[in-house]
Amino acid sequence: MEIVKNVVCPFCGTLCDDIICKVEGDEIVGTMNACRIGHSKFVHAEGAERYKKPLMRKNGEFVEVSMEEAIDKAATVLAESKRPLMYGWSCTDCDAQAVGVELAEEAKAIIDNTASVCHGPSVLALQDVGYPICTFGEVKNRADVVVYWGCNPFHAHPRHLSRHVYGRGFFRERGKPDRTLIVVDPRESDSSKLADIHLQLDYNKDYELLDAMRAVILGHEILYDEVAGIPKETIYEAVDVLKNAQFGVLFFGMGMTHTRGKHRNIDTAICMVTDLNDSAKFTLIPMRGHYNVTGFNQVCTWESGYPYCVDFATGSARYNPGESGSNDLLQNKETDGMMVIASDPGAHFPQKAIERMAEIPVIAIEPHRTPTTEMADIIIPPAIVGMEAAGTAYRMEGVPIRMRKVVDIDLLSDKEILERILARVKEINASK
Ligand code: SF4
């Protein structure tokens, strides 16, 4: 058995880079340091269906086809659709994403990633009011106040707490005893059970609570006995902890971006963090979900000027979330051909969007059988980044980390598949 050290986990935005893989032949048979979710990605699950050949739906049945035929059909769908949509991207590497942007421009497509159903509202907010962020290293070494607002890292980013709350740092030698942990969540979650202060607010009332906290930070009284179900004395106490932080950090998640107010919740949270810097040092970090959702927004921004929902229909990049987001295009029945890569909208989009997916040609660049591949007309299986292919990913606070190839597989990488589709789309366009 071979031991491979310093492997990067291709699952969540924590992007742990201390994983040890146990390898037998061309198979990862075990891991060390990975959490349960990370481990299950590395180790092949008995019975899970892994595609090894391209498939195409013919007369309602999937049949194996050559890579050339699958690439040609995928390119034809993109080149001939009037409003092609290219969605996904958050579970592949930055080089593949860069080819994707070039392909979207060539196909006059809309390119969009999972941000539009995740931290897209955070992107809208930071474009309005700024982005006072720091890196994980600063949190580990300096933070004495850690807030998790609308997120449950115990379940969704399982090693986040051990690295940033329980971990010992240069100025926080004792780890957790040197830090105050605040969790804001309507539920009693496994994360809130670890908190020193749990603000168990009413569901959908984050904006009201943030506004009350901002008012107190700015020296005003709270006019009501309670706000969002939290007694005003508790709000005063929590604000006192925030204002007296030597170094505070606000991690925030879907409890803010998916509830009433969406980007306005994030907007006022950013303003609160900015206000806190009058008396404390305070920063924030969005709990980005997939391991390289951040990378797509970086790549797309430096290539096109915009982070997601980018529409190349006119030949130059336009950006208008609410019009050019994947769900907008599907639910408004605008898109007439869809390419999905490294994502599973068949499982995670609302019913109305999936109904449109069932009506149009769908290409899935995807290694496993999923609800999306069930709806697909063409399935092209790639090597999996971080296990079978190398590449760059960006951690949730924007630190780029090189993902390792641990084992060999006889499949093309996402980047190679996209390069071949791009070359074919160019040929089709040249012949028009
Ligand atoms: S916390 Fe996230 S990145 Fe770290 S091992 Fe678990 S799934 Fe992987």
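Details of the structure are given in the entry above.
Residues numbered from 1 in each chain as written. Predicted model: local features only at pLDDT ≥ 70, side-chain atom pairs only at ≥ 80, totals over all residues. Heavy atoms only, no water.

Caption draft 1: The environment of G30, seen in detail. Looking at the secondary structure, you find G30 in strand β3 (residues 27-32). C-alpha of G30 to C-alpha of H44: the two residues are 14 residues apart in sequence and 9.5 Å apart in space. When residues no more than four places from it in sequence are discounted, the contact partners of G30 are I20, C21, K22, H39 and V43. (Helix = DSSP H or I, 4+ residues; strand = E, 2+ residues; numbered from the N terminus. Contact = heavy atoms within 4.5 Å.)

Caption draft 2: A look at the nonpolar core. Within the largest apolar cluster, 40 residues are counted, with the highest numbers of intra-cluster contacts made by L78, M86, L103, I111, M339, L418 and I421. With eight residues, helix α2 (residues 67-80) is the largest single contributor of residues to this core. Residues contacting M339, with those up to four places away along its chain left out, are L78, L85, M86, Y87, W89, L103, I363, I365 and L418. One finds V147, L210, I235 and L284 within the second-largest nonpolar core, a separate group that totals 35 residues. (Core = buried A, V, L, I, M, F, W, Y, C linked by side-chain atoms within 4.5 Å. Buried < 20%, exposed > 50% of the residue type's maximum accessible area, 1.4 Å probe, protein only.)

Caption draft 3: Structural detail: the site of the ligand. In the vicinity of the ligand, the residues found are C9, F11, C12, L15, C16, A34, C35, G38, P158 and R159. Counted by class, the shell around the ligand contains eight nonpolar, one polar and one charged residues. (Near = heavy atom within 4 Å. Nonpolar A, V, L, I, M, F, W, Y, C, P; charged D, E, K, R; others polar.)

Caption draft 4: Layout of the sheet that holds strand β7 (residues 110-113). Read from one edge to the other, the open sheet built from nine strands follows the order β5-β4-β19-β18-β17-β6-β7-β15-β16, with strand pairing classed as mixed. Sheet topology places β5 (61-64) and β16 (318-319) at the edges, where each strand pairs with a single neighbour. Strand direction decides the pairing type here: strand β15 (residues 310-311) and β16, joined by two bridges, are antiparallel. Each bridged residue has a counterpart across the sheet, and for V310 the counterpart in β16 is Y319. (Pairing = 2+ DSSP bridges.)

Caption draft 5: Structural view of unusual backbone geometry. Despite not being glycine, L15 shows a phi value in the positive range, around 45°. Residue placement: L15 occurs in the loop between β1 (2-7) and β2 (19-24). Classification of L15 by relative accessible area gives buried; the value is 1%.

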